[in-house]
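Residue-level structure breakdown
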Amino acid sequence: MADTLSALRSLMASHSPPLDALVVPSEDYHQSEYVSARDKRREFVSGFTGSAGLALITKNEARLWTDGRYFLQATQQLSDQWRLMRMGEDPAVDVWMADNLPEGSAVGIDPWCVSIDTAQKWERAFVKKQQKLVQTSTNLVDEVWKSQPPPEINPVVIHPLEYAGRSVVDKLKDVRKKLVQVKAHSIIISALDEVCWLYNIRGTDVAYSPVVHAFAIVTLNSAFFYVDKRKVSSEVNSYLETNGIEVRDYKAVSSDVSLLASNELKPSIQAKGTETETAVNGTIKAEESNNDLIWADPGYCCYALYSRLNSDKVLLQQSPLALAKALKNPVELEGLKNAHIRDGAAVVQYHVWLDKQMQEMYGASGFFLEETDKKKHSQTAKLTEVTASDKLEGFRALKENFRGLSFPTISSVGPNAAIIHYSPEAETCAELDPDRIYLFDSGAQYLDGTTDITRTVHFGKPSAHEKACYTAVLKGHIALGNARFPNGTNGHSLDILARVPLWKYGLDYRHGTGHGIGSYLNVHEGPHLISFRPRNVPLEDSMTVTDEPGYYEDGNFGIRLENVLIIKKADTKFNFGDKGYLEFEHITWAPYQRKLIDASLLTPEELEWLNTYHSKCRSILDSYLDESEKAWLKKATEPISV
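What counts as what
- Residues numbered from 1 in each chain as written.
- Predicted model: local features only at pLDDT ≥ 70, side-chain atom pairs only at ≥ 80, totals over all residues.
- Heavy atoms only, no water.
- Helix = DSSP H or I, 4+ residues; strand = E, 2+ residues; numbered from the N terminus.
- Rg over C-alpha atoms; globule rule 2.2 N^0.38 Å.
- Contact = heavy atoms within 4.5 Å.
- Areas by Shrake-Rupley, 256 points an atom, 1.4 Å probe, with all protein chains shown as cover.
- Lys, Arg positive; Asp, Glu negative; His and termini not counted.
- Charge placed at Lys NZ, Arg CZ, Asp CG, Glu CD.
- 1 Å grid on protein atoms, 1.4 Å probe; cavity = no way out; pocket = protein on both sides within 12 Å on 5 of 7 lines; lining within 4 Å.
- Points joined across faces, edges and corners; volume = space filled by probe spheres on them.
- Expected span 1.5 Å × (residues − 1).
- Buried < 20%, exposed > 50% of the residue type's maximum accessible area, 1.4 Å probe, protein only.
- Pairing = 2+ DSSP bridges.
- Axes fitted to C-alpha atoms, helices over the stretch in contact; angles between N-to-C directions.

What follows is about the overall build of the chain. A tally of helices and strands in the chain yields 19 helices and 30 strands. Relative to its length of 642 residues, the chain is compact, with a C-alpha radius of gyration of 26 Å against a globular reference of 26 Å. A separation of at least 24 residues holds for 70% of the contacts in the chain among residues at least 6 apart in sequence. Accessible surface, the chain: about 26100 Å² in total, of which carbon and sulfur atoms supply 49%. Measuring between centres, the 70 positive side-chain charges of the chain sit 1 Å from its 85 negative side-chain charges.

Structure follows, in structure tokens:
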């Protein structure tokens, strides 16, 4: 690590102009949350493996910013050469740079790895001390990373209409209607999941996310797909051309954006999905229209591409695909429901297996009982966080349409469960312990949907404090899932519902409560969320969102419960203000552990909801389980009474 920092500082000193600081973000050229091995530059320089964070290297300091999910993990992983900066508690990176770097400092960035929003925010902060943002011509980390993995050449795959639910031509028509509405002649699409959703394709370029490293440009009369052509088979190329999409080399996006800026980007194939009132022979005469703007999403379009545009002619606004992708069509909704049923069966099978193993190997009382004989039955075999999560993956892999996991499984025992996004490693992970809480947060990618579920269990005798905390989390989980709210309500307004039962005891958690989920795409999907952080994006009918409150006690345990919900129209007795009302529908099916619940703390309404949910678990999952698994689930979902 010291050698890496020293090598980077040497490059910073020899750069023209010399750099006083170098920013190493987590993101790739597409501002992705999860990146390929080759793009894990921040992890390489810092040793911190979390999915979110930013490293800042100055002449004599190295600091890492990350959010509350990773405070504990970063503390454990960073060497003494690094200082942890806690987002929300310590000064933000732009504030810190502006206040602490000398006047006139040069701050280096790879403009491909920084969004327009971020770069402009930093430039505004730098004004008071005449500091400047310097775009490096190469990525300095790449120059010192001698063992950097090579780019992977994975095939682009067509995502069939039977799962996508809408044709590419129809989606392109919608995009072009949006362009006309905002007086734009084109849009640059950078977010990987948006490119894949628009063109109905998938890939394996990023672990856990079925996406392709690609850009797209859509104009009023053309569509382009920028990708390493070695990934495109003749079949896929024909499919794209049939849909009016021209395949160009990944690196050509830079020069083509320059051509776009001068209105000189010309297609070589006939476009599709261009029929509008101003269409002539299926295309729009852009030169005769008033559309002179280029649309770029400031949160996802990189600064390198933006720098090639005339800023006066750029519409900086969230991509129209973000909301379109989040509003699931009927085929996607049905696929998500089916995927979650199969996934729920796998989770129940894992529960059954794990219950048996804990009893046989550790003499645990098991999932149902609290008494234990404390005798470890096996002297040699042991169960670890990794071997357990591997077994869970095995159950999922047997399910129809399985394509892989949707994120690295968080399989965590005791103190590790207090690390919100803990990721166990085979060499260092903990052994399962019947006397400690076990939290597992996991999900899968299926052709018809993406899943994400968290359950927390105890195979011994939980303490009264653990039960009270689990029950408070459950009460918040139920309260949010049962909410009814008017159209126009955002997730920030609902977040409090999941926290109030914890606040009653002076407890809380440092993460959001819910995120959207993709349709065989990213497990974390916007633009909406449910969080203590404000985001003015209303929740809408046919969106998906998770419901996942938690509580984490450093050095002791962690608790989280998570289901995926679908937002749908609510049938209310009244309709104040003619707004229309919405509610949630649970599509995740797996039991909550009854012995971790202090039923005396639940209201009659909460008990009724819990018993009804458990009853549905039995009926929905029944046909996917064998007789012993059915018997286990029946016992796990017996009605609770006070």
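From this point, things continue past the structure.
Further remarks concern the layout of surface pockets. Computed from the structure, the second largest pocket encloses a volume of approximately 1000 Å³. The wall of the second largest pocket is formed by 41 residues, among which Lys40, Thr49, Pro408, Ser423 and Glu425 lie closest to the centre. Elements that contribute at least two residues to the lining of the second largest pocket include exactly helix 2 (41-46), helix 3 (71-77) and helix 15 (385-397). Of all the elements, helix 15 adds the most residues to the lining of the second largest pocket, at four residues.

Along its 18 residues, helix 18 (residues 604-621) runs 26 Å from first to last C-alpha, staying within 8% of the 26 Å computed at 1.5 Å per residue. Residues of helix 18 that are buried: Glu606, Leu607, Trp609, Leu610, Asn611, Tyr613, His614, Cys617 and Leu621. Buried residues along helix 18 sit against helix 14 (330-362), strand 22 (453-457), helix 16 (464-481), strand 29 (563-569), strand 30 (581-586) and helix 19 (627-636).

The sheet built from six strands is open, its strands ordered 12-11-10-8-15-16 with mixed pairing. Every other strand in the sheet has two partners, leaving strand 12 (246-249) and strand 16 (314-316) as the edge strands with one partner each. Recorded for the sheet is a direction-independent mean angle of 25° between the axes of neighbouring strands. Pairing between strand 8 (residues 184-189) and strand 10 (residues 215-219): four bridges, direction antiparallel. Considered in strand 10, the bridge of Ile187 is made with Val218.

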